[in-house]
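Below are the chains, spelled out letter by letter.
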Amino acid sequence: MNTSGPAAGRGLRLTPFRGLRYVPDRVGSLAAVTSPPYDVVVRPDGLHHLESADPHNIVRLILPQAGTAAERHRQAAATLKKWLAEGVLAPDPEPVLYVYEQRSGDILQRGVIGALALSPASEGIVMPHEDVMADIVEDRADLMRTVAAHLEPLLLSYTGDDDGPDGAAAVIERVSERPPLLDTTTEDGFGHRLWAVPDPGERARIESDLSRRQALIADGHHRWATYLRLQRERSTPGPWDFGLVLLVDTARYPLRVRAIHRLLHRFPVDRALEALDGRFRVRTLDLPLPGALDALAEAASEGNAFLLAGDGRFHLADRPDEHLLARTVRADRPAAWRTLDATVLHSTLLDEVWGIPDDPQHIAYIHDTAAVVEQAERHNATAVLMHPVREEVVRRLARQGVTMPRKSTSFGPKPATGLVLRSLGTD
């Protein structure tokens, strides 16, 4: 793995494309047709809420509802074709790059959206940091293959520098001072603005700057793996050699890193706690959720720690038995990987202590803390709340070519889905 960054021309290759965008006059509002990324919309009530927000909400494409996977994907393709025919979605007149801004309170993030040339991890240009689940990649691949479109951009981060007026950052800032193509506020309070970059000179400066950079996949490992899988299926060059991404310079706009929590189906908290006896220190906290999370953060600063919920209380599990860790955690990985909470959770707790297979029938991955606690209490299940990993740890492991356990991190803010799509027939 290249740890020093690629030379010019050997880095990121971002190209313009003709974005598919909603026609404002054909929908209730742009905010009402957007959605979080597909893997954040996990609860049925969240899905139904989005479906009812507008009949043309993008969730009908990214998470279609039907009896079988094949039926769902065919339904999404038919819906996309129908919306294009009706003028609900329309391609922009020419290939461009897009500047995208998200703002909420003191949070401001800007980046550039384009079609990025695909490359394997071995080239050190786009670095994954998490493992993926084969069944999700297969499902996403069949959906992309059937609809022949990229429905939502991945979030990639890179580290820029001050290149003066000719760098990508300077171009992005200048573009953001112009009237946007769209300006909307979603119900989570985030404002979203999008600009086209049609000027060839500005695009060339962005592309030249990025050609010296490498990027970390902040959000979208399964979709990136899907891009690569679909590329391998084709024998001739074409639009499948590129993927829809949002690139954010974290030197200028640092991302927030949050944890992704686990919901253990049909596994009550009392069983989980019983199995921890003598293996972890366990304390029951007489605290509300915010206080319990503070206690988790304090414990996590000293070692592996997890917060269990599902019975109306919170149970802090920390100080695992060192002999147990030595026996269950792989020794052929860097210390930073062996001591990750996600590593200990999967290798020690799930595999050894609890004996729970890591598949959708047994485990759900949920970003929202209150939601995972509520679901655990409603279904007599166990919620395992995680403390987030620091971004520098993620990047350091990625540069070493070491992937973390799947769903170890949640970087954000994530781009809203539905503001710009990429058809694989209109670039």
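Refer to the preceding data block for the structure.
Position labels on residues start from 1 in each chain and follow its written sequence. The predicted nature of this model means local features are confined to residues of pLDDT at least 70 and side-chain atom pairs, given and counted, to a pLDDT of 80 or more, with totals for whole chains, interfaces and linings taken over all residues. Calculated side-chain values reflect all of the structure's heavy atoms, with hydrogen atoms and water omitted.

Draft legend 1. Seen up close, the pattern of salt bridges. By salt bridge we mean one thing: a side-chain nitrogen of Lys or Arg within 4 Å of a carboxyl oxygen of Asp or Glu. Under the counting rule described, the total for this entry stands at 26 salt bridges. Of the charged contacts, one joins Glu86 and Lys82 as a salt bridge, the two residues approaching to 2.9 Å between their closest N and O atoms. Placement of the pair is Glu86 and Lys82 together in helix α3 (residues 69-86), with a separation of four residues, close to one helical turn. With a closest N to O distance of 3.3 Å, Glu391 and Arg395 form a salt bridge. Taken together, the residues span about one helical turn, with Glu391 and Arg395 both in helix α14 (residues 391-399) at a distance of four residues. Helix and strand labels come from DSSP, where a helix needs a run of H or I of at least four residues and a strand needs a run of E of at least two; each type is numbered from the N terminus.

Draft legend 2. Quick peek at the environment of Ile136. Position of Ile136 relative to the elements: it lies in helix α4 (residues 134-147). Given a relative accessible area of 22%, Ile136 falls into the partly exposed group. When the C-alpha atoms of Ile136 and Ala225 are compared, they prove to be 9.9 Å apart, with 89 residues separating the residues in sequence. Any residue under 20% of the maximum accessible area for its type is buried, any over 50% is exposed, and the rest in between are partly exposed; the area is computed with a 1.4 Å probe on protein chains only.

Draft legend 3. Representation of the environment of Gly124 in the model. By the secondary structure assignment, Gly124 is in the loop between β5 (107-117) and β6 (126-127). Sequence separation between Gly124 and Ala398 is 274 residues; the distance between their C-alpha atoms is 9.2 Å.

Draft legend 4. Inspection of the sheet that holds strand β14 (residues 261-264) at higher detail. Ordered in space as β15-β17-β16-β19-β14-β18, the six strands form an open sheet in which the pairing is antiparallel. Strand pairing shows two members of the sheet lacking a second neighbour, β15 (281-285) and β18 (363-366), which therefore form its edges. Each adjacent strand pair in this sheet contributes to an overall mean axis angle of 25°, direction not counted. Should DSSP find at least two bridges between two strands, the strands are taken to pair. Relative to strand β17 (residues 314-318), β15 is paired through five bridges, and the arrangement is antiparallel. Counterpart to Arg281 in the pairing with β17 is Asp318. Whether two residues touch is decided by their heavy atoms; if any such pair falls within 4.5 Å, the residues are in contact. For helices, the fitted line uses only the C-alpha atoms of the stretch in contact; every axis is such a line through C-alpha atoms, and the angle between N-to-C directions lies from 0 to 180 degrees. Sheet strands in contact with helix α12 (residues 341-353) are β14, β16 (305-309), β18 and β19 (382-385), and its direction is about 65° off that of β16.

Draft legend 5. Representation of the pairing of strand β9 (residues 182-185) in the model. Where burial is concerned, the two faces of β9 differ: the one with Leu182 and Thr184 is buried and the one with Asp183 and Thr185 is not. The pairing of β9 with strand β10 (residues 191-197) spans four bridges and is classified as antiparallel. Bridged to Asp183 within β10 is Arg193. Between β9 and β10, which follow one another and run antiparallel, lie five residues, and Gly189 among them has a positive phi close to 90°.

Draft legend 6. Layout of the sheet that holds strand β21 (residues 421-423). The sheet built from four strands is open, its strands ordered β3-β2-β21-β7 with antiparallel pairing. With one partner strand each, in any of the chains shown, β3 (89-91) and β7 (149-150) form the two edges of the open sheet. As paired elements, strand β2 (residues 19-22) and β21 share two bridges and run antiparallel to each other. Within β21, the position partnered with Leu20 by the bridge is Leu421. Docked against the sheet, α3 engages β2, β3 and β7, running at close to 75° with respect to β3.

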